[in-house]
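# Notes for the structure review
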Amino acid sequence: KNKKNIGEGIDKIIARLAEVNDRLKGVIDIAHFNDEAKIGKGQEMVDKLTKLIAIFQRPELDFSNNKADGEYLIRNFATESGKSKGQFYTPAEVSRILAKVIGIDKCTDHDATVCDPACGSGSLLIRALAEVPFEISGYGQEKESSTAGLAKMNAVFMLGIFTPSSKHLMATMA
């Protein structure tokens with residue numbers, strides 16, 4: 001924090017995380033924190049990125065041992081961006097109810113698939129897949145590449161899916 005090359009440092013750390021975790025390649029390593037046109041120049045960049053790091057260092061955002069906290073982070077991101085009314089994020093409670101309504105938990109067809117043609121952050125699709133008593137394929141489509149990236153990260157953190165061996169999952173995301 002507070003270093004002149006903070007953006008370059010963040011880019012290197014993220015690149016290393018993507019390098020050791022195939023599920024996040026092409027998802028987290030497409031952001032560039034050394035981009036002066038988007039983040040600012042000189043001290044402005046240092047200050048913004050130092051504040052960003054401080055946010056993620058808060059104890060309540062340590063969700064390494066609790067996947068539900070990842071849900072908290074995504075929900076708050078959606079609320080802060082003004083898209084919490086189902087436009088970007090489907091609340092977990094709504095997703096669970098919809099999964100129960102369609103009876104996905106009673107599915108017996110191992111060749112079944114779940115599709116969400118406007119999946120946003122992927123929460124509805126992921127909740128539906130979590131209700132199935134065995135593994136099935138899931139497909140999501142999202143036109144905004146940054147939101148599709150969030151859906152892929154959500155899948156990794158919430159279910160541990162979207163692995164190289166299951167690339168068919170969410171294959172249609174932009």
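Residues numbered from 1 in each chain as written. Predicted model: local features only at pLDDT ≥ 70, side-chain atom pairs only at ≥ 80, totals over all residues. Heavy atoms only, no water.

## Re the overall build of the protein
Secondary structure assignment for the protein yields 7 helices and 2 strands. Listed by position from the N terminus, the elements making up the protein come as α-α-α-α-α-β-α-β-α. Across the 174 residues in the protein, those meeting the buried criterion constitute 36%. Relative to all contacts within the protein whose residues are 6 or more apart in sequence, the contacts with residues 24 or more apart total 62%. Counting every atom, the protein has about 10600 Å² of accessible surface; 54% of that belongs to carbon and sulfur. (Helix = DSSP H or I, 4+ residues; strand = E, 2+ residues; numbered from the N terminus. Buried < 20%, exposed > 50% of the residue type's maximum accessible area, 1.4 Å probe, protein only. Contact = heavy atoms within 4.5 Å. Areas by Shrake-Rupley, 256 points an atom, 1.4 Å probe, with all protein chains shown as cover.)

## Topic: the pairing of strand β1 (residues 113-116)
Every second residue of β1 is oriented toward a common face, the buried set being Val114 and Asp116 and the non-buried set Thr113 and Cys115. Sheet topology places β1 next to strand β2 (residues 137-140); 4 bridges connect them, and they run parallel. Counterpart to Thr113 in the pairing with β2 is Ser137. Once the chain exits β1 it traverses helix α6 (residues 123-131) before rejoining the sheet at β2, and the crossover so formed is right-handed. (Pairing = 2+ DSSP bridges. Right-handed = clockwise from strand over helix to strand, strands pointing away.)

## Re the packing of helix α5 (residues 92-101) against α6
The N-to-C vectors of α5 and α6 enclose an angle of 50 degrees; their axes lie 9 Å apart at closest approach. When the axes of α5 and α6 are compared, the pair comes out oblique. For the crossing formed where α5 meets α6, the hand is right-handed. Where α5 approaches α6, its residues Ala92, Ser95, Arg96, Leu98, Ala99 and Lys100 are matched on the opposing element by Ser123, Leu124, Arg127, Ala128 and Glu131. (Axes fitted to C-alpha atoms, helices over the stretch in contact; angles between N-to-C directions. Parallel < 35°, antiparallel > 145°, perpendicular 65-115°, else oblique. Left-handed = near helix turned anticlockwise from the far one by under 90°.)

## Points about the packing of helix α1 (residues 6-20) against helix α3 (residues 42-56)
In contact at an axis separation of 9 Å, α1 and α3 are set at 40 degrees when each is read in the N-to-C sense. The orientation of α1 relative to α3 falls into the category oblique. Here Ile6, Gly7 and Ile10 of α1 come into contact with α3, specifically with Met45, Val46, Leu49, Thr50 and Ile53. Here the residues of the contact of α1 with α3 are counted per class, giving 6 nonpolar, 2 polar and no charged. (Nonpolar A, V, L, I, M, F, W, Y, C, P; charged D, E, K, R; others polar.)

## Quick look at the pattern of salt bridges
Scanning all chains against the criterion turns up 6 salt bridges. In this structure, Glu44 and Lys48 form a salt bridge, with 3.3 Å as the shortest nitrogen-oxygen distance. Of the two residues, Glu44 and Lys48 both sit in helix α3, 4 residues apart, roughly one turn of that helix. Each member of the salt-bridge network shares a partner with another, and the members are Lys100, Asp105, Lys106 and Glu131. (Salt bridge = Lys/Arg side-chain N within 4 Å of Asp/Glu carboxyl O.)

## Overview of the nonpolar core
Core analysis: the biggest nonpolar cluster contains 13 residues, and Ile6, Ile10, Ile14, Ile28, Phe33, Ile39 and Leu49 have the highest contact counts within it. Broken down by secondary-structure element, the contributors of at least two residues to this core are α1 and α3. When near neighbours in sequence (up to four residues on either side) are disregarded, Ile10 contacts Phe33, Leu49 and Ile53. Among the nonpolar cores identified, the runner-up in size contains 11 residues, and Val114, Ala128, Leu129 and Ile136 belong to it. (Core = buried A, V, L, I, M, F, W, Y, C linked by side-chain atoms within 4.5 Å.)

## Focus on unusual backbone geometry
Negative phi values dominate among residues other than glycine, just as trans dominates among peptide bonds. For Asn2, which is not a glycine, the phi torsion comes out positive at approximately 65 degrees. On the secondary structure map, Asn2 appears in the segment before α1. A residue is classified by how much of its surface remains accessible, and Asn2, at 55% relative accessible area, is exposed.

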